[in-house]
Amino acid sequence: MRYSALKIFAEALKGHKGWTPVWRDPEPKPAYDVVIVGGGGHGLATAYYLAREFGITNVAVLEKGWIGSGNVGRNTTIVRSNYLLPGNEPFYEFSMKLWEGLEQDFNYNAMVSQRGVLNLFHSDAQRDAYARRGTSMKLAGADPVMLDTEGVRKLYPFLDFDNARFPIRGGLLQPRGGTVRHDAVAWGYARGANQRGVDIIQNCEVTGFDIENGRVRGVRTNRGTIRAAKVAVCVAGSSGRVMSMAGMRLPIESHVLQAFVSEGLKPVIPGVITFGAGHFYISQSDKGGLVFGGDIDGYNSYAQRGNLPVVEDVCEGGMALMPAIGRARLLRMWGGVMDMSMDGSPFIDRTHVDGLYFNGGWCYGGFKATPASGWCYAHLLATGNPHPTATAYRLDRFRTGHVIDEKGMGAQPNLH
């Protein structure tokens, strides 16, 4: 079924009785060409591009819960490509271009809203760092705009420009950045993959790998053993636990990252604002709620919930940036389990086990990377070679010294 305005109108006249399920709920087959472990945004996007771009349709996506129950439905919906280093910026700009055509591509309303992302700076040194980042963005074909204090004031007059500790001196704006409805991304990719023959199997938890003579032969699940020529893992915060079943120890820590939504308010924030003096970012949803977040919890955890000290820290950042936020009531909060790599950059690579591949370590960049991650992972699985924009995302880069120490992403675990 192809969605369209005419179809919506016709179904309204019929009482909406003609809609069909967005994807099938099949039983797992005994064997597949590719098994993707993890039914989040990255796993579903990988399956979609494997089928659409490379014609590989004998694919299963295994999700231990339900589609949308993980990080893809637990984030602050921001998309951007304002990175610095050559290992990252071309990749995220590639993802930004995919976001721009995504809804037409998979015929699903993901509510892509390019409302602009503004990173504030508060000192001369920070201004110079942002100018450098803007130059890097230009080299990758992105769209940086440096604003002075008055330029920021025209966009957001309600910010605390004369804060004694953190005066706002200007900002780096990416007009093409913005927000996307997070769970709709998962639904759209699931629907597109399903239409091309991919099996999306929910409530199917992987409990082990079948590895013989250095080659993966399949996976063991709570619904039986599934054979596969290739197994592609992309399970975000569960990466360490899942890959340990294959005898691998990853340079990744799992931390909780909390997000918050306020009560519904009249339109006040047209774009996305990032506080340069503390880790705080905020936008406003279409329902009127202020959506915001900040730092990760300071300890390792696999729980999809947070703690009160981080709530206090995030709200303090919001109050320093825009004191008026203190009058809004917090409606709800949640946590996503982040796979934090030691340099703040991800991995898309084959492992030492033949036929076993890994995608993870996305830190704060997971949601915004969803289209490019899926495309590049599919490229690697189909061709055996990394995509040109993802050649730096190697698992061995710490051993070889090719660290991508990207500071445009927020806090990372300590290398020491």
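Bear in mind the structure is a predicted one, so any value in this text is a computation, not a measurement. (Residues numbered from 1 in each chain as written. Predicted model: local features only at pLDDT ≥ 70, side-chain atom pairs only at ≥ 80, totals over all residues. Heavy atoms only, no water.)

### Some thoughts on the overall build of the protein
Turning to step 1, where the next piece is worked out: A tally of helices and strands in the protein yields 11 helices and 18 strands.
Turning to step 2, where the next piece is worked out: The C-alpha radius of gyration of the protein comes to 21 Å, within 12% of the 22 Å expected for a compact globule of 416 residues.
Turning to step 3, where the next piece is worked out: Classification of the 416 residues of the protein by burial places 56% in the buried group.
Turning to step 4, where the next piece is worked out: Across the protein, the fraction of contacts at a sequence separation of at least 24, relative to all contacts at a separation of at least 6, is 74%.
Turning to step 5, where the next piece is worked out: Total accessible area computed for the protein in this model is approximately 17700 Å², and 53% of it derives from carbon and sulfur atoms.
Turning to step 6, where the next piece is worked out: For the protein, the centre of its 44 positive side-chain charges and the centre of its 38 negative side-chain charges are spaced 4 Å apart. (Helix = DSSP H or I, 4+ residues; strand = E, 2+ residues; numbered from the N terminus. Rg over C-alpha atoms; globule rule 2.2 N^0.38 Å. Buried < 20%, exposed > 50% of the residue type's maximum accessible area, 1.4 Å probe, protein only. Contact = heavy atoms within 4.5 Å. Areas by Shrake-Rupley, 256 points an atom, 1.4 Å probe, with all protein chains shown as cover. Lys, Arg positive; Asp, Glu negative; His and termini not counted. Charge placed at Lys NZ, Arg CZ, Asp CG, Glu CD.)

### Concerning the sheet that holds strand β5 (residues 145-148)
Turning to step 1, where the next piece is worked out: Read across the sheet, 8 strands follow the order β5-β6-β4-β13-β14-β15-β12-β16 without closing on themselves; strand pairing throughout is mixed. Taken across any chain shown, the strands that pair with only one partner, and hence form the sheet edges, are β5 and β16 (330-341). For this sheet the average axis-to-axis angle between neighbouring strands, irrespective of direction, equals 25°.
Turning to step 2, where the next piece is worked out: Alignment of β5 against strand β6 (residues 170-174), held across 4 bridges, turns out to be antiparallel. (Pairing = 2+ DSSP bridges. Axes fitted to C-alpha atoms, helices over the stretch in contact; angles between N-to-C directions.)

### Quick word on the pattern of salt bridges
Turning to step 1, where the next piece is worked out: Inspection of every chain in the model, using the stated rule, returns 24 salt bridges.
Turning to step 2, where the next piece is worked out: With its nearest N and O atoms 3.6 Å apart, the salt bridge here joins Asp286 to Arg115. Of this pair, Asp286 sits in the loop between β14 (280-284) and β15 (289-300) while Arg115 sits in the loop between α4 (102-106) and β4 (117-121); the two residues are 171 residues apart in sequence, bridging distant segments of the chain.
Turning to step 3, where the next piece is worked out: For Asp286, a relative accessible area of 61% puts it in the exposed group.
Turning to step 4, where the next piece is worked out: Linking Arg399 and Asp396 is a salt bridge whose minimum nitrogen-to-oxygen distance equals 3.6 Å.
Turning to step 5, where the next piece is worked out: By relative accessible area, Asp396 is classed as partly exposed at 22%. (Salt bridge = Lys/Arg side-chain N within 4 Å of Asp/Glu carboxyl O.)

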